[in-house]
Amino acid sequence: MARRREPAREPEDLSVHELIEGPTEILSRETLDAIRRPGAAGADLRVEQTHDLTASAAEVTTDLGGDGRAGTGSRTRVELPRMPASGALYRRAALGALPGLGGGRRGNDLPAVEYAVAGVRTDRAHLADYDRVCGFRLTDRLPATYPHVLGFPLALRLMTAPGFPIALTGVVHVGNRITTHRPITADEVLDFTTYAQDLRPHDRGRQVDVVLVGSVDGEEVWRGVSTYLGRERTPGGRERGERPGAPTATARWRVEPRVGTEYARVSGDHNPIHTSRLGARLFGFRRPIAHGMWSKARCLAAMQTRLPDAHTVEVAFKLPVPLPSTVNFAVLPDDGFALHDSQGRPHLVGLVR
């Protein structure tokens, strides 16, 4: 197989609910309605308070003709010697958004490429820090959302690559599905692969799925699919239907501003809409908002003892969680869960199966 080496490289207030009113591609309308139905039983209400990686060096590529996992035909495999530095990738994305430097409408096709990094180890101190920020108990078992953090710089490398159809700046994370095939412990070494699939139109722009796969000794043990919305000007609009009532809360959490900066630190996701008031306002939010993956992780932490060894957890992100704010969490029948604001509007709805 041919290989090559590449050189190293360094307002109106918007709501996500207005962007993705109704079902996303992750959860069906029937699932969403079942999860959000009012009167679901819950436990007693309670109130709770709530590493810089080295840059990519040479990259080795391999032709993967005939591999159709992405649903787009063949892909070229790019093997990185180490995880890329997320800070440099965000700077690249910011520069690309400037006029004359690559901004504007992107292409109409997905890049026929997948990125891979082998030999990713868990730093136990970092894992403990992540557990603390998200509310998990400290154990040697990785939370279902933790491999997303380990592999996120690789997915970021894909999303900032030339030709990726949706610009990273201003992108909205509208859904996430994680499948854990078996428990993963902190002493296991993970190999990650990422690629994009299913670029499709949306009433407010275009959506794409970014797939991240974690393997141990050649066996897939974890898979995450994140759905991102790239907002674009589109004709017409969507009529807003009646919103179902909120379920009975199981817990109430106070989400402080530090959640944005602390999760950015442990996740490597330094999107300014989560960490800076000015950055948030530049993208249409009155104040910083919590990371969607922090919201998902916090919900799973509250259900930690209920989750089976092998499971899939899918969520649809609705209204953003402003920082600070108070949110209501509910565990629902039929393995559903939800996060609502004090007015009963949904931040997140999810399902375990």
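No experiment lies behind these values; they were computed from the predicted model shown. (Residues numbered from 1 in each chain as written. Predicted model: local features only at pLDDT ≥ 70, side-chain atom pairs only at ≥ 80, totals over all residues. Heavy atoms only, no water.)

(A) Region of interest: the overall build of the protein. What the protein contains, in helices and strands, is 9 helices and 14 strands. When the 353 residues of the protein are sorted by exposure, 54% land in the buried category. With an accessible surface of roughly 15,900 Å², the protein has 50% of that area assigned to carbon and sulfur atoms. (Helix = DSSP H or I, 4+ residues; strand = E, 2+ residues; numbered from the N terminus. Buried < 20%, exposed > 50% of the residue type's maximum accessible area, 1.4 Å probe, protein only. Areas by Shrake-Rupley, 256 points an atom, 1.4 Å probe, with all protein chains shown as cover.)

(B) Examining the nonpolar core more closely. Ranked by internal contacts, the top residues of the largest apolar core, which has 70 residues, are Tyr130, Tyr263, Phe329 and Phe337. It is helix 5 (residues 146-159) that contributes the most residues to this core, 9 residues altogether. Apart from residues no more than four positions distant in its own chain, Phe329 is found in contact with Ala249, Thr250, Ala251, Trp253, Cys299, Ala302, Met303, Phe337, Ala338 and Leu339. Among the nonpolar cores identified, the runner-up in size contains 5 residues, and Ala316, Ala330, Ala338 and Val349 belong to it. (Core = buried A, V, L, I, M, F, W, Y, C linked by side-chain atoms within 4.5 Å. Contact = heavy atoms within 4.5 Å.)

(C) Focus on helix 9 (residues 292-302). Within helix 9, 9 of the 11 residues are buried, which leaves the element mostly enclosed by the surrounding structure. Inspection of helix 9 places Met293, Trp294, Ser295, Lys296, Ala297, Arg298, Cys299, Leu300 and Ala301 among the buried residues, and these make up the whole buried set.

(D) Fine view of the packing of aromatic side chains. Counted under the stated rule, the structure contains 4 aromatic pairs. When the centroid spacing of 6.2 Å and the interplanar angle of 15° are considered together, the rings of Tyr130 and Phe136 count as stacked. Note on Tyr130: relative accessible area 0%, which makes it buried. Centre to centre, the rings of Tyr130 and Tyr146 are 5.1 Å apart; their planes meet at 65°, and the pair counts as edge-to-face. (Phe/Tyr/Trp six-rings, centres within 6.5 Å; stacked < 30°, edge-to-face > 60°.)

(E) How the structure looks around empty space enclosed by the protein. Put simply, the largest cavity is a space of about 470 Å³. In terms of lining residues, the largest cavity is bounded by 33 residues, among which His173, His274, Ala290, His291 and Gly292 are the most central. Only helix 5, strand 6 (172-180), helix 6 (258-267), helix 7 (272-275), helix 9 and strand 14 (346-352) provide two or more residues apiece to the lining of the largest cavity. A per-element tally of the lining of the largest cavity places helix 5 first, with 5 residues. Residues belonging to the lining of the largest cavity are distributed by class as follows: 21 nonpolar, 10 polar and 2 charged. (1 Å grid on protein atoms, 1.4 Å probe; cavity = no way out; pocket = protein on both sides within 12 Å on 5 of 7 lines; lining within 4 Å. Points joined across faces, edges and corners; volume = space filled by probe spheres on them. Nonpolar A, V, L, I, M, F, W, Y, C, P; charged D, E, K, R; others polar.)

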